[in-house]
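Remarks on the overall topology
The chain contents come next:
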Amino acid sequence: LPACKDSKLFIKDLHFDEVPVRIYLPRVPSASKQRGLIFFHGGCGMFGSIRSYERTCRYIARKSDSVVMSVGYRLSPEHKYPGQILDCLTATVCFLQTAADYGVDSDRIILCGDSAGGTYTARVCQELANRTDVPNVCAHVMIYPFLQALNFNLPSHQKNAFIPFLSRKHTVRFILKYLNKDPSMKEAILAGSHVPESINLKYGKWINPDLIPNEFKQGYKPPLPTSCVTQIYEEMKELFEAAFSPLLAEDSVVCRLPDACIVTCGHDVLRDDGLLYKKRLEDNNVKVTWYHIEEGFHG
């Protein structure tokens, strides 16, 4: 939808360092500075836009009585990874630095996103964790986020392998498209042939089905071990960057993250990404609010 008139909101289209944003401001003046929310839309980094999330952002602004900024980051594959994250980071920094111009209290700004937007929310907060040149983010909200590309055989991947809208195979197909890689590597990545033993040993403490609560592991069968294919590993090294897989960020970063809210769904291949990140945050003494929608689907 295009920006349209709203009886309760002023809506402005702007650019922050060439990144398009749309800002929703409550029409009723506030006696004090207001809360702010920066929203990153979902769509695998390839779909979606400010326009397609118009209703969502207007709803959030009205119901929370907050100033909402929706970020129109560039989409892949026309704009290569990590351009999407850089756009989100740029817009966030600009808003944090100019919050007062929009009547926003810079100490009461949260980041929020769904799906890939949840990925960008996690990563932008990690990028800001050790910065002192901008105000601290108050909290971050991740709605069924994608957070790791090492293991596609977690319990939620098996349980929801053929679920409509985002199946296990579609997830990897979208990743390959997003990174502009050869789609023929899909089956090898699903089997885990992109991960050398050294990487499994290094990150197994964070990405492991043993860390998933038992109530979410009904029917789970450990996959047969597979050998790493060196060529695929070399071609897909981006998957092991924290920028792509925020679950791989070091504890020195995770321990400095703001309060978090994570939403997971029962019928979602990405459910366990959220559960594993919840545990990582809690292990690093970050306060987490968790909402699980057992009958919910991705999207």
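Attention here is on the structure that accompanies the text. Counting from 1, residues in each chain are numbered in the order their sequence is written. Only residues with pLDDT of at least 70 are given local features in this predicted model, and only at 80 or more are side-chain atom pairs given and counted; all residues enter the totals for whole chains, interfaces and linings. Side-chain measures here rest on the full set of heavy atoms in the structure, leaving out hydrogens and waters.

Our focus in this paragraph is the overall build of the protein chain. Put simply, DSSP H or I for four residues or longer makes a helix, DSSP E for two residues or longer makes a strand, and each gets a number counted from the N terminus. Helix and strand content of the protein chain: 10 helices and 8 strands. A globule of 299 residues ought to have a C-alpha radius of gyration of about 19 Å, and the protein chain, at 19 Å, matches this closely. With the principal axes as the frame, the protein chain shows a C-alpha extent of 60 × 40 × 40 Å. A burial count over the protein chain gives 56% of its 299 residues as buried. In this analysis, two residues are considered to be in contact whenever any of their non-hydrogen atoms come within 4.5 Å of each other. Taking all contacts inside the protein chain whose residues are at least 6 apart in sequence as the whole, residues at least 24 apart take part in 76%. For the protein chain, the exposed surface amounts to about 14000 Å²; the carbon and sulfur share of it is 52%. Computed over 35 positive and 33 negative side-chain charges, the separation of the two mean positions in the protein chain equals 5 Å. In this treatment the radius of gyration is a C-alpha quantity, and the globule benchmark scales as 2.2 Å times the residue count to the 0.38 power. Only protein chains enter the accessibility calculation, which uses a 1.4 Å probe. A residue is then buried if its area is under 20% of the maximum for its type, exposed if over 50%, and partly exposed in between. Computed by Shrake-Rupley with a 1.4 Å probe, the accessible areas treat only the displayed protein chains as cover when residues are assessed. The charge count includes Lys and Arg as positive and Asp and Glu as negative, but it does not include His or the ends of the chains. Charge placement uses NZ in Lys and CZ in Arg. For Asp and Glu, CG and CD serve respectively.

Along the chain, Lys-205 falls in the loop between α7 (197-203) and α8 (230-235). Classification of Lys-205 as exposed rests on a relative accessible area of 54%. Sequence-wise, Lys-205 and Arg-280 are 75 residues apart; in three dimensions their C-alpha atoms are separated by 9.9 Å.

Next up on the list: the layout of surface pockets. Two kinds of site are reported from a 1 Å grid over the protein atoms alone, namely cavities, where a 1.4 Å probe fits but cannot get out, and pockets, open sets with protein on both sides within 12 Å along at least five of seven lines, and residues are called lining when an atom falls within 4 Å of a point. Grid points are joined across faces, edges and corners, and a volume is the space filled by probe spheres set on the points. As a volume, the largest pocket reaches approximately 500 Å³. Every residue lining the largest pocket is counted, 23 residues in all, and those nearest its centre are Asn-151, Asn-153, Asn-200, Pro-209 and Pro-223. Residues are grouped as follows: nonpolar covers Ala, Val, Leu, Ile, Met, Phe, Trp, Tyr, Cys and Pro; charged covers Asp, Glu, Lys and Arg; every other residue, Gly included, is treated as polar. Grouping the constituent residues of the lining of the largest pocket by class yields 14 nonpolar, 8 polar and 1 charged. Here the second largest pocket is characterised by a volume of approximately 240 Å³. Taken together, Arg-35, Gly-36, Leu-37, Tyr-59, Ile-60, Lys-63, Ser-64, Ser-66, Arg-108, Ile-110 and Cys-138 make up the lining of the second largest pocket. Counting residues per element, the ones that place at least two in the lining of the second largest pocket are β3 (34-40), α1 (54-64) and β5 (104-114). Residue contributions to the lining of the second largest pocket peak at 4 residues, all from α1. Per-class residue counts for the lining of the second largest pocket are 5 nonpolar, 3 polar and 3 charged.

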